[in-house]
Amino acid sequence: MTMTPDILCIGSVLWDVIGRSASAMRQGSDVPGRITRLPGGVAMNIAMTLARFGLTPALLTAIGRDAEGDELISACAARGMITETVYRSDDLPTDVYMAVEGANGLIAAIADAHSLEAAGAKILSPLSDGRLATVDAPYTGLVALDGNLTLNLLSDIARSPLLAQADLRVAPASPGKAERLAPFVQSGRGTLYVNLEEASLLCQRSFDTSRRAAEGLLARGAARVLVTDGGADATEGRQDGLLTQTPPQVLVTRVTGAGDTFMAAHIAADATGANAEDALRRALQAAATYVSGETAL
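Scope of this entry: the structure provided in the associated data block. (Residues numbered from 1 in each chain as written. Predicted model: local features only at pLDDT ≥ 70, side-chain atom pairs only at ≥ 80, totals over all residues. Heavy atoms only, no water.)

### What about the sheet that holds strand 7 (residues 96–102)?
Taken in spatial order, the 4 strands make up an open sheet running 3-2-7-8, and their pairing is mixed. At either end of the open sheet lies a strand with only one pairing partner, and these are strand 3 (34–40) and strand 8 (105–112). Sheet twist, expressed as the average angle between the axes of neighbouring strands with direction ignored, equals 15 degrees. One ladder, built from 7 bridges, connects strand 7 with strand 8; its direction is antiparallel. Each residue of the ladder has a partner; that of Ala-99, found in strand 8, is Ala-109. Helix 1 (residues 42–52) rests against strand 2 (14–20) and strand 3 of the sheet, and its axis sits at about 80 degrees to strand 3. (Pairing = 2+ DSSP bridges. Helix = DSSP H or I, 4+ residues; strand = E, 2+ residues; numbered from the N terminus. Axes fitted to C-alpha atoms, helices over the stretch in contact; angles between N-to-C directions. Contact = heavy atoms within 4.5 Å.)

And the structure:
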């Protein structure tokens, strides 16, 4: 290892291919806009934001030994991330996420994270082979974990002695994968970062506010949760109480990655010793700044 990580980011690191248009869109729309390709994935988005806050993240993920993978590894290293911990596969391609956004928000997206899922527990080998920790000396620091891993692997992580002493921060990759976080709710492990829809799926009931959603997750056994609801109130919930704040009102120009930015900013604030109110406020401000960022169209 050439650097010592401040946090481990476990999950999807891939290429984001995003098409954005200033026009409102619907099914079948064919409009002018811009198409970009940038490093992405939940773990990558979190790591990039953490790096901007001065932290050094190490990536635990799967990236193919193809041209796209080599380029992605270089892009990660250039952004201050530790890549020696990445599992490089000879027979799995580098994953890709594709999305289309219009003036009315996210229109559609497809996440091709099959290589990450196929790699499975191989991405965790640095936690036991001495690169980051060993079975006898488990990792005790911060971990950001995303729900692009399989349910079986996430269940194993929730119970694994390799991460039993770690400060786990967990987020679903999308509402469609929210239920993969159930093992962390059931075991009372980690801090969960979810939006209102994801909280509803985890609790198998609908909520109309982030506060009620936080209460529902805590009632099911979650240790600590942060629930967001777009531009509406966000709530941090612990077994000893709830904290709700309203995010700044901004003009939204992009949405992909906003939740990851919120999570990373909150983790960074926690890591620097901010109290609960300041940490939540900083995270909401960071997310608001991100979604209002200028996008060339």
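### Quick look at the side chain of Arg-224
Within the secondary structure, Arg-224 sits in strand 12 (residues 224–229). The class for Arg-224 is buried, based on a relative accessible area of 11%. Contacts of Arg-224, omitting those with residues within four sequence positions, involve Arg-169, Gly-190, Thr-191, Leu-192, Glu-236, Gly-237, Arg-238, His-266 and Asp-270. (Buried < 20%, exposed > 50% of the residue type's maximum accessible area, 1.4 Å probe, protein only.)

### What to know about the environment of Ser-210
The residue Ser-210 is located in helix 7 (residues 210–219) in this model. By relative accessible area, which is 2% here, Ser-210 ends up buried. Between the C-alpha atoms of Ser-210 and Ala-234, which are 24 residues apart in sequence, the distance is 5.6 Å. Look past the residues within four positions of Ser-210 in its chain and what remains in contact with it is Leu-196, Val-227, Asp-233, Ala-234 and Thr-235. Within polar-contact distance, the side chain of Ser-210 engages the backbone oxygen of Asp-233 at 3.0 Å. (Polar contact = N/O pair within 3.5 Å; in protein donor to acceptor, adjacent residues only side chain to side chain.)

### So, the environment of Leu-280
With respect to the helices and strands, the residue Leu-280 is situated in helix 9 (residues 276–291). Residue Leu-280 is classed as buried on the basis of its relative accessible area, which comes to 0%. Through-space distance from the C-alpha of Leu-280 to that of Gln-27 is 36 Å; in sequence the pair is 253 residues apart. Not counting residues up to four positions away in its chain, the partners in contact with Leu-280 are Leu-226, Ala-234, Glu-236, Leu-243, Gln-245, Phe-262 and His-266.

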